Amino acid sequence: FGSHRFAGTIRGKEELISKLFAPLGEVLAEGIKVHIDSLTAEDDRVVIEARGEARTKDGRPYNNSYCIVVTVRDGKVAHVREYLDSELVTAVFGR
């Protein structure tokens, strides 16, 4: 869902690294410091409300808000859906 640079489906660790973590590392100075505001777990689902705090290599702030929904099956992460400010993503990382 969505139309920003990181929207879409990522499958497995290799794609997570190449499609998300590598591009983040190209732009951000030190990664994203995440502050968890709330965490709710029920059955196989965990919902996390969080704020991220980061700076780009050229000094611009990248402070986004997140709602992350994680589904766990057999003790492993089966599915993750993340909601965030997509306009901020586009402004900082491009399309």
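The following refers to the structure shown. (Residues numbered from 1 in each chain as written. Predicted model: local features only at pLDDT ≥ 70, side-chain atom pairs only at ≥ 80, totals over all residues. Heavy atoms only, no water.)

### Description of the packing of aromatic side chains
Part 1 of the reasoning: Scanning the model with the defined rule gives two aromatic pairs in all.
Part 2 of the reasoning: A ring pair is formed by Phe6 and Phe93, whose centres lie 5.3 Å apart and whose planes are at 70 degrees; its orientation type is edge-to-face. Separated by 87 residues along the polypeptide, Phe6 in the segment before helix H1 (12–27) and Phe93 in helix H2 (residues 86–93) bring together distant segments of the chain.
Part 3 of the reasoning: Taking relative accessible area as the criterion, Phe6 reaches 14% and is therefore assigned buried. (Phe/Tyr/Trp six-rings, centres within 6.5 Å; stacked < 30°, edge-to-face > 60°. Helix = DSSP H or I, 4+ residues; strand = E, 2+ residues; numbered from the N terminus. Buried < 20%, exposed > 50% of the residue type's maximum accessible area, 1.4 Å probe, protein only.)

### Topic: H2
Part 1 of the reasoning: By the burial criterion, the buried members of H2 are Val89, Val92 and Phe93. Taken around the axis of H2, the buried residues stretch over an arc of 80 degrees, which confines them to a single face. Facing away from the buried side of H2 by over 90 degrees, the exposed positions are Glu87 and Ala91.
Part 2 of the reasoning: The inward-facing, buried residues of H2 abut H1, strand E3 (61–62) and strand E5 (76–84).
Part 3 of the reasoning: Its side-chain oxygen placed 3.1 Å from the backbone nitrogen of Glu87, Asp85 serves as the N-cap of H2.
Part 4 of the reasoning: Within two residues after H2, Gly94 carries a phi angle of roughly 80 degrees, on the positive side. (Arc of directions from axis to C-beta. Contact = heavy atoms within 4.5 Å. Polar contact = N/O pair within 3.5 Å; in protein donor to acceptor, adjacent residues only side chain to side chain.)

### A look at a nonpolar patch on the surface
Part 1 of the reasoning: Judged by side-chain polarity, Leu16, Ile17 and Phe21 come together as a nonpolar surface patch covering roughly 270 Å² of accessible area.
Part 2 of the reasoning: Considering the arrangement of structural elements, one finds Phe21 in helix H1. (Patch = residues over 30% accessible without salt bridge, like charges linked within 9 Å, V, L, I, M, F, W, Y side chains within 5 Å. Areas by Shrake-Rupley, 256 points an atom, 1.4 Å probe, with all protein chains shown as cover. Salt bridge = Lys/Arg side-chain N within 4 Å of Asp/Glu carboxyl O.)

### Brief notes about the nonpolar core
Part 1 of the reasoning: Residues Leu28, Tyr62 and Phe93 are the most contacted members of the largest nonpolar core, which totals 14 residues.
Part 2 of the reasoning: For this core, the elements supplying multiple residues, two or more each, are H1, strand E2 (45–55), strand E4 (65–73) and H2. (Core = buried A, V, L, I, M, F, W, Y, C linked by side-chain atoms within 4.5 Å.)

### With respect to H1
Part 1 of the reasoning: With 16 residues, H1 ought to run about 22 Å at 1.5 Å a step, and its terminal C-alpha atoms sit 23 Å apart, in line with that.
Part 2 of the reasoning: In the core, the buried residues of H1 are packed alongside H2. (Expected span 1.5 Å × (residues − 1).)

### Description of the environment of Ile32
Part 1 of the reasoning: Within the secondary structure, Ile32 is located in the loop between H1 and strand E1 (33–42).
Part 2 of the reasoning: When residues no more than four places from it in sequence are discounted, the contact partners of Ile32 are Gly52, Glu53, Ala54, Tyr62 and Tyr66.

These values are about where atoms sit, not about what they do.
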